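Fold and contact review
Take a look at the letters that make up each chain.
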Amino acid sequence: MPTYRPGPVSLILAVLVALFLLMPLLAVIPVSLTPSRMLTMPTGELSLRHYRSLIEDPRWLESILLSLRVGVVSSALSTVLALTFSLGVWMFQPRFTAALVGFVLLPMVVPPVVSAVTLYFLLTSVSGISSFFGYDTWLGVAMAHSVMTVPFATVLILVSLSQLDRRIDLAARGLGATVWERATRVIMPNIKFGIVTAALLSFVLSWEEIGVTLFITSVNAITLPRLMWMGLRDNIDPAIAALSVILIIITVLVLAVRSVVTRRQAAP
Amino acid sequence: MRGILSDRMGAALLMAPLLLFLIFAYAWPFLGVVKWSFTLPSPGLGQYHALLTDDLVQSVFIRTLRIAAIVTVVSVTAAYAITVVWVRGSPVQRVLAEFCILVPFWISVLTRAFGWVALLSNRGLINTWLQSIGFISEPLTLVRNEFGVIVGMSHFLIPFAVFPLASAMRSLDERVLLAARGLGSSRMRTFWTVFVPMTRSGIIGSAMITFVFSLGFFVTPAILGGGRSVMIAELIYLRIFQSPDWGLGAAISVVLVVFVGALMALLFRYVKPKQLV
C-alpha cells in the first residue's frame, strides 16, 4: 500500500482527465433518445425510435450476424495458430526465438493502415481463385482479422506460459509422456485461462476492427463497424447512438464481471 | 541423438502453421505492396520522386507530424495525471481511476469518435449548452477541423499512454519520496525534482508509443476531421480508392513503415520492451 498519496492538485487534474475520458461515452445517451431524425439533443420529449430502427432495419441485424461469424472464425484460427506456435517456443526453446516472435508480432507494430494496404493486396490477388474467398468475402475478412489478432493472442499465451513451472513438464517428460501428451494433458490445462483470454480478446478485436475491414470490403461483407462507418461518413444517423449505448453497456457489464472474477481468483 | 532430432522436428511442426500463415498472408503481400510502389503506374522511382515534390503529399506529411506531436504532449500529460492516482491513490481512488481508464480502452474507436461528434457538432451537447446559457449566439466550429481531430485522437491514446507510465511509477522506490519529504521538500518540489525524473523511462516510452500510433491513425481523423485535415493514413486510403493511384498509396505506405521502424529502433535503444507494459 503506497504511503505517498497524491495531493489535492493531482486529484483535481485526475478528475478533469477522468471527465474528459468519460464525456463522449455519456454524450451518446441523450442523442440516442432524440425523437429527431437528425443528430441533435432531445428538446423536451424522448423517444426510443432509434432503438426500434436497430431491430426493424434488416441491415443492422445482417451485419451483426456477419460480425459474429467473422469474429468466431478468426478468433478460432488465431487462437489455434498462436497456441501451437507458443507451445513450440516454450517446449523446445529453439534458436532464433526472439527473431521468430518478433516476426509474429509485426502486424501489431506496423501502422494499421499499412497492414490494410498489405491485406488489400493479398485479397485482391487471391480473388481470382475462388468467389468465396478474397476481396469482399466474409472468409477473406476472417483471414485478414486473424492476421491482425494473432500477435495479441500469441503475447497472451506466451505470458501465461512464462508463469508455468517447467518442472511439471520435465516430470511428465521423465515419466515417458509424448510431446502430444505433454501439450494436451499437462501444459494446456495449466494455461487454459490464458487460452480463453486470448480467444476472447481476438474475438473482441475482430468485432471492433474497422481500419483493415474498410480496405477489403465493398458491398457484400458489411461488418457492424463497417455499417457504422458508412452511417457516420454519409449523414449521421442517430441509430448509431442507440447502438453505441448498447455496446457501451455490454462493455461495462463485461468489465464488471471480469473484475469480480479476477478478485475471486486473487482471494481463494 | 534421436531425442534431439525429434525435439527439433517437434518445434518445427508446432511453429510452422503460424509462420507459414503469416508468410503467406502478411510477408508475401507486403513485398507485393513494395513492388506496386516501384511499378505502378509505370516502372521506376516515379512514386518516390512524387513524394518528395508533390505539394499535397508534403503538406499532409507535415500536418501528420504536427498533429502527432500535439496529441503526444496532450495524451502523455493527461495520462500522467490520472496514472498518479491510479498507482498511488487510496483504494477507492484507484478503482475509480481504473474504471475511467479501462472502460474507454475497451470501447471501439468508432463509438468513441461518434461520441465526440455528438458532443462537438453544431447541434451537439457543448454548443447547445453554451447557446442555452447565452454564452454564444452562433455555434462554435469544434469538429470537422484539426481541433476535433486532436481531441478525438488524444482521447483514444490516453489509455495507451497510461500503461508505460504506470509501470514506471509502480517500480519506483517510495522510500526516496518519503526521504525527500522528510528532509523538508514541499509536495510540489518532491514531485518535480524526484518523482518526475524517476519516471523518465515511462515518459519516454509513453510518448514514443503515442507518437508512433498517431502517425498511422485513420478512423478518428477521417471522421472528426471531416476531410478537411487529412492525415497520412487517410491519404493512402483516398489514393487507393478515390483515385486509383495504387503506386503512390503503396509508396507512402512503404515510407511510413520505414519511418515508424526507425522510430521504434530508436525507442528500444533507450527503453527496454519490458518497461512498456
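Residues numbered from 1 in each chain as written. Chains lettered and ligands numbered in written order. Predicted model: local features only at pLDDT ≥ 70, side-chain atom pairs only at ≥ 80, totals over all residues. Heavy atoms only, no water.

1. A look at the overall build of chain B
Here is the rule we go by: Only DSSP runs of H or I with at least four residues qualify as helices, and only runs of E with at least two residues qualify as strands; both kinds are numbered from the N terminus onward. We compute the radius of gyration over the C-alpha atoms and compare it with the globule rule, which gives 2.2 Å times the number of residues raised to the power 0.38. Every residue pair with non-hydrogen atoms within 4.5 Å of one another is taken to be in contact. Here the Shrake-Rupley method, with its probe set to 1.4 Å, supplies the accessible areas, and only the displayed protein chains count as covering residues. The sign given to each residue is positive for Lys and Arg and negative for Asp and Glu; His and the chain ends receive no count. To locate a charge, the coordinates of NZ of Lys, CZ of Arg, CG of Asp or CD of Glu are taken.
What chain B contains, in helices and strands, is 13 helices and zero strands. Ordering the α and β elements of chain B from the N terminus gives α-α-α-α-α-α-α-α-α-α-α-α-α. Taken against the 2.2 N^0.38 rule, which gives 19 Å for 277 residues, the C-alpha radius of gyration of chain B at 24 Å runs more than 25% over that of a compact globule. Projecting the C-alpha coordinates of chain B onto the three principal axes gives extents of approximately 75 × 70 × 30 Å. The contacts in chain B between residues at least 6 apart in sequence include a share of 70% that link residues at least 24 apart. Roughly 12900 Å² of accessible area belongs to chain B as shown, and the carbon and sulfur atoms make up 70% of that amount. A distance of 10 Å separates the average location of the 21 positive side-chain charges in chain B from that of its 10 negative side-chain charges.

2. Quick look at the overall build of chain A
Test applied: The buried label applies to any residue whose accessible area, calculated with a 1.4 Å probe on protein chains only, is under 20% of its type's maximum; exposed applies above 50%, and partly exposed to all values in between.
What chain A contains, in helices and strands, is 12 helices and zero strands. Helices and strands appear in chain A in the N-to-C order α-α-α-α-α-α-α-α-α-α-α-α. Expressed as a percentage of the 268 residues in chain A, the buried residues total 49%. Taking the contacts inside chain A whose residues are at least 6 apart along the sequence as the reference set, 68% of them involve residues at least 24 apart. A total accessible area of about 13000 Å² is found for chain A, and carbon and sulfur atoms account for 70% of it.

3. Observations concerning the pattern of salt bridges
Residue and element names in this part refer to chain A. Rule in force here: Definition used for salt bridges: Asp or Glu carboxyl oxygen within 4 Å of a side-chain nitrogen of Lys or Arg.
A full pass over the atoms with the stated rule returns seven salt bridges over all chains. A salt bridge links R167 to D165; the shortest N-O distance between them is 2.9 Å. Judged by relative accessible area, which is 31%, D165 ranks as partly exposed. With its nearest N and O atoms 2.9 Å apart, the salt bridge here joins R182 to D169.

4. Let's talk about the nonpolar core
What counts is decided by this rule: Buried residues of nine kinds, namely Ala, Val, Leu, Ile, Met, Phe, Trp, Tyr and Cys, make up a nonpolar core once their side-chain atoms join them within 4.5 Å.
If you look at the biggest cluster of nonpolar residues, it comprises 170 residues, and the most contacted ones within it are W60(A), F215(A), I216(A), W229(A) and I82(B). No other element matches the 14 residues that helix α3 (residues 55–88) of chain B contributes to this core. Those residues in contact with W60(A) that sit more than four places away from it in its chain are S53(A), L54(A), L224(A), L227(A), M228(A), D237(A), A239(A), I240(A) and L243(A).

5. Describing the confidence of the model for chain B
Residue and element names in this part refer to chain B. Operational definition: As a per-residue quantity, pLDDT reports the predictor's confidence and falls between 0 and 100.
Put simply, chain B has an average pLDDT of 88, and 96% of its residues get 70 or more. Looking over chain B, one finds the lowest element-wise mean pLDDT in helix α2 (residues 46–53), namely 82, and the highest in α3, namely 95. What the predictor reports for the complex is a pTM of 0.89 with an ipTM of 0.90.

6. Description of the interface of chain A and chain B
What counts, and what does not: The buried area of a pairing is the accessible area, by a 1.4 Å probe, that goes missing from both parts when the two are put together, added over both. In the analysis that follows, any N or O atom pair within 3.5 Å is treated as a polar contact, provided that within protein one partner can donate a hydrogen and the other can accept it, and provided that, for residues neighboring in sequence, both atoms belong to side chains. Classification used: nonpolar for Ala, Val, Leu, Ile, Met, Phe, Trp, Tyr, Cys and Pro, charged for Asp, Glu, Lys and Arg, polar for all others including Gly.
The partner chain B presents 88 residues to the 89 residues of chain A that form the contact. Carbon and sulfur atoms make up 81% of the area that chain A and chain B hide from each other, which totals about 8000 Å². Of all residues in chain A, Y4(A), L21(A) and F121(A) give up the largest surface area on contact with chain B, accounting jointly for 10% of the area buried on that side. Linking chain A with chain B are zero salt bridges. Where chain A meets chain B, there are five residue pairs in polar contact (both at pLDDT 80 or more). No other element matches the 17 residues that helix α1 (residues 8–32) of chain A contributes to the side of chain A that touches chain B. Split into classes, the residues belonging to the side of chain A that touches chain B amount to 69 nonpolar, 14 polar and six charged.

7. Describing the packing of aromatic side chains
The description of an aromatic ring pair rests on the distance of the ring centres and on the angle between the ring planes. Defined as follows: Working definition: rings of Phe, Tyr and Trp (its six-membered ring) pair if their centres are within 6.5 Å, and the pair is stacked with planes under 30 degrees apart, edge-to-face with planes over 60 apart, and tilted otherwise. Consider the ring centre and the ring normal. A charge sits over the ring if Lys NZ or Arg CZ is within 6 Å of that centre and within 35 degrees of that normal.
For the coordinates displayed, the defined rule picks out 28 aromatic pairs over all chains. Seen in terms of ring centroids, F191(B) and W192(B) are 5.2 Å apart; in terms of plane orientation they differ by 80°. Their pairing is edge-to-face. Look at W192(B) and you get exposed, because its relative accessible area is 56%. Feature note: the residues Y120(A), F121(A), Y135(A), F215(A), W229(A), F24(B), W28(B), W36(B), F218(B), Y237(B), F241(B) and W246(B) constitute an aromatic cluster, connected by ring pairs. When the ring centre of W138(A) is taken as origin, the NZ or CZ atom of R69(A), which lies over that ring, is 4.7 Å away. Between the NZ or CZ atom of R170(B) and the centre of the ring of W86(B), over which it lies, the distance is 5.0 Å.

8. A short note on unusual backbone geometry
Residue and element names in this part refer to chain A. Even without glycine at this site, F96 takes up a positive phi of about 60°. Within the secondary structure layout, F96 lies in the loop between α3 (58–92) and α4 (97–109). Taking relative accessible area as the criterion, F96 reaches 64% and is therefore assigned exposed. One non-glycine residue with positive phi stands out, namely D136, at about 65°. Turning to its location among the elements, D136 is positioned in the loop between α5 (112–126) and α6 (138–162). By relative accessible area, which is 6% here, D136 ends up buried.

9. Overview of a nonpolar patch on the surface
In plain terms, the rule: Patch construction takes residues with relative accessible area above 30% that form no salt bridge. Like charges are linked within 9 Å, and nonpolar side chains (Val, Leu, Ile, Met, Phe, Trp, Tyr) are linked within 5 Å.
On the surface, V9(A), I12(A), L13(A), V15(A), L16(A), L19(A), M188(B) and W192(B) cluster together to form a nonpolar patch covering roughly 820 Å² of accessible area. Within the residue set of the nonpolar patch, elements represented by two or more residues are α1 of chain A together with α9 (187–198) of chain B. For the nonpolar patch, the element with the highest residue contribution is α1(A), accounting for six residues.

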